[in-house]
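In case you want the letters, here they are:
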Amino acid sequence: MSPKGQIHADRVWKRFRADRRRMLLRDELQRLSARIRRRGRTGWRWALRDVSFAAERGTSIGLVGANGSGKTTLLKILSQVMYPYAGSVDVGGRVGALIEVRQGIHPDLTGRENVYITGSLLGLRRKEVALRFDEIVEFAELEDAIDRQVKFYSTGMQMRLGFAVAAFLEPDVLLVDEALAVGDAAFQQKCLDRMQAVLGQGTTLVFVSHDLAAVEATCTRGIWLNNGISEADGPIRDVLGTYRRSIEEAAESAFTVPGVVRLVKTEVSGTDGGIPRTQEPLEVTLIVESPEPRLGIVFLGVSEGPAPPVFSLRHDLHLGAGETVARCVIPRLPLPRGRFYLWAGVYAPGGRDLLGWHPVAHFDVAGGDLDITPPGVVRLAPIHVQASWDVSAR
Amino acid sequence: MAEMASPEAPPADLRFRRRIGPLAAVRDVWRARELVRTLAERELRARYKQAMLGLAWALITPLALMVVFTLFFNRVAQVETGGAPYPLFSYLGLLPWTFFSTSVSQGGQSLIQNIPLLNKVYFPREVFPTASVGVAGLDSAVALVALGGLFAITGFLPRATSFWVPVLLLIQVVFTLGVTYVVSAVVVYLRDLRHALPVLLQMGLFATPVAYGIDFVPESFRTLYVVLNPLGAVIDGYRRTVLWGLGPDWGLVLPASISAVVVLLVGYLLFKRMETGFADVA
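Let us look at the structure shown here. What you are looking at is a predicted structure, and each value in this text was computed from that prediction instead of being measured.

1. A look at the overall build of chain A
A count of helices and strands for chain A gives 8 helices and 16 strands. When the backbone C-alpha atoms are referred to their principal axes, chain A occupies close to 85 × 75 × 40 Å. In chain A, once contacts between residues fewer than 6 apart in sequence are set aside, the share between residues at least 24 apart is 72%.

Below, the structure written as structure tokens:
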């Protein structure tokens, strides 16, 4: 057993059945007969392949990766709910986990009973749970609902209860999955604050999220899982950078989408055709080809990776038969240094799409970095704002 | 870290093996005792909160069967009760049977009913079936009240040889735990099996000397019979010691107890073996 708060995962492998399988005797018999006839093995899919990492007490690890890359499986193995196929996992001390919203809380029990059950699952005595009970209820904002059955809770309420229970019962290791996305913005911030507080108490945190900004704000170390393989492990900024780049490369292959009109060429440039710079002009040139004259509306957007756009622009477009050139100039580009994505779409005035919304180019911006946010606070979008300060004694 | 070219499968020596030491297992369960209590309490509360008659249900089930047996079964087939009143005779069989069937039917479903908890944190999963058996035990204790009533009504008194009862009770619990472990684990993998459970238990009721005596089983088969169904020897033992003033028939009780211990050991190991995959299929 590792000392409290330490995690050792050594060459972990995990596989699942690839066939659609229901837990019924009939299905089981069918599979058996198929196996005998074909003499072949039933299909397996590797969810984790040779994943190793170790973490000291108090480390905050952000686990990122595309859907189905094995993040949740790894969390479940860390929480010792699931067992690896090969390799070994050793997690020291109590593990608090919020893996899926409905997981871990029992729908037929009241909120109060759930708190106590989870407490005893974590190895706490009733008295110890009772000490923290009011705090949990207050954090989860469930004062009126705590004696109601959880199945009558809204999804948000369930998530709040789940998070509060996991985070307040003093785990040595706290595992948090995507579930936070269910809460409203204020509660998400509260959760991030709480994670910071728990980290401050020496708890080890493993945080899985597709909200890369939240991961960056919370964690110091990152692990990127790609198809069950640990592709990168290191300081969070480096890992997120590598991860973003790979997403962009994947997105680039989707550049051509079929539509009524076609995008012949896209150009993004700064002043005099140079690299775009923060707070300087940016010029976007689109050449659109249409088989016949028509009215259209062109939309442009800029995003950071696969995220929703930071901003979007819209302009009417009179398309002639053949190619039409549309040029858009942003006099002062409000983006910090980094790589961004240009998205475009062309729509008919009625709303029907002539060319669907899709990424059309990426571009690098040179210039200033953004000021960092306070610990645990997530910046929603990278906007570069010029400001002047004046500080003096009064 | 693991930037190396990944092979398609892990080397064989890396295969994860769970060590299941008997000592560690006992320690695990002991650590989870608070949890067993919470679960048992919850099951009791859930069961009796809505039921108007509350705990009385624990009495009604065996009593109703006793009445049915007395009115019908006893008329059709003349049962040799060794001089004891038939209601007492059958109730003594119904008590252990109800304990067994409640344990298996409730405990058998305890894991799939608690899947939300199974996916939460590690704790020994046998707490669920164990808690169910505990609840069934409480039911039995309540049903014991009716036994006292039956003695009072019939004016029949338990014999001094009743001191053997704890030994028989132990065999009963050991066997029941073993079966409950196996059923609860198997039902996770084969969900439709739970629909078959009530039928199987119904058949078990008639295949066990509850309404009749063990003398219905031909003498030459009797040893084999109690090995397959230790409850037969247990029920016969209760009747011999409590009603007839005899000692247990060791020729039956010994094989039955060995069989019960084997069932528990094998059942437990099987349970632990299958436990590794619960979260994969839950």
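2. Let's talk about the environment of B:Ala141
Residue and element names in this part refer to chain B. If you trace the backbone, Ala-141 turns up in helix α6 (residues 127–154). Given 11 C-beta atoms within a 10 Å radius, Ala-141 is considered exposed. Taking C-alpha positions, Ala-141 is 15 Å from Tyr-238, a pair spaced 97 residues apart along the chain.

3. With respect to the sheet that holds strand β16 (residues 353–365) of chain A
All names here are of chain A. Taken together, the 4 strands give an open sheet; going across it, the order is β13-β12-β15-β16, and neighbouring strands pair in antiparallel fashion. Edge strands, defined here as strands with exactly one partner in the open sheet, are β13 (311–319) and β16. Averaged over all pairs of adjacent strands, the angle between strand axes in this sheet comes to 20°, irrespective of strand direction. Pairing between strand β12 (residues 294–303) and β13: 9 bridges, direction antiparallel.

4. Here we look at the interface of chain B and chain A
Facing 30 residues of chain B, the contacting portion of chain A comprises 45 residues. Looking at the side of chain B that touches chain A, the elements with two or more residues in it are α2 (33–50), α5 (115–118) and α12 (278–281) of chain B. Top contributing element to the side of chain B that touches chain A by residue count: α2(B), with 5 residues. Here the side of chain B that touches chain A is built from residues that sort into 17 nonpolar, 4 polar and 9 charged.

5. So, the environment of B:Val68
With respect to the secondary-structure elements, B:Val68 resides in helix α3 (residues 56–76). Spatially, the C-alpha atom of B:Val68 lies 9.8 Å from that of B:Ala211, the residues being 143 residues apart in sequence.

6. Remarks on the packing of helix α4 (residues 86–113) of chain B against helix α7 (residues 165–189) of chain B
Residues and elements named next belong to chain B. As a packed pair, α4 and α7 sit with axes 8 Å apart at the nearest point and diverge in direction by 30°. By the angle between their directions, the pair α4 and α7 is classed as roughly parallel. Every pair of crossing elements has a handedness; the one defined by α4 and α7 is right-handed. Here Pro-96, Phe-99, Phe-100, Ser-103, Val-104, Gly-107, Gly-108, Gln-109, Ser-110, Leu-111 and Ile-112 of α4 come into contact with α7, specifically with Gln-172, Thr-176, Val-179, Thr-180, Val-183, Ser-184, Val-187 and Val-188. Partitioning the contact of α4 with α7 into residue classes produces 10 nonpolar, 9 polar and no charged.

7. With respect to the sheet that holds strand β2 (residues 44–55) of chain A
Residues and elements named next belong to chain A. Pairing is antiparallel across the open sheet formed by 3 strands, whose spatial order is β2-β1-β4. Looking at the sheet topology across the chains shown, the edges are occupied by β2 and β4 (86–91). The mean inter-strand angle of the sheet, taken between neighbouring strand axes irrespective of direction, is 30°.

About the criteria used
- Residues numbered from 1 in each chain as written.
- Chains lettered and ligands numbered in written order.
- Predicted model: local features only at pLDDT ≥ 70, side-chain atom pairs only at ≥ 80, totals over all residues.
- Helix = DSSP H or I, 4+ residues; strand = E, 2+ residues; numbered from the N terminus.
- Contact = placed C-beta atoms within 7 Å.
- Buried ≥ 20, exposed ≤ 12 C-beta atoms within 10 Å, placed from the backbone.
- Pairing = 2+ DSSP bridges.
- Axes fitted to C-alpha atoms, helices over the stretch in contact; angles between N-to-C directions.
- Nonpolar A, V, L, I, M, F, W, Y, C, P; charged D, E, K, R; others polar.
- Parallel < 35°, antiparallel > 145°, perpendicular 65-115°, else oblique.
- Left-handed = near helix turned anticlockwise from the far one by under 90°.

Purely spatial values, then, with no claim about function.
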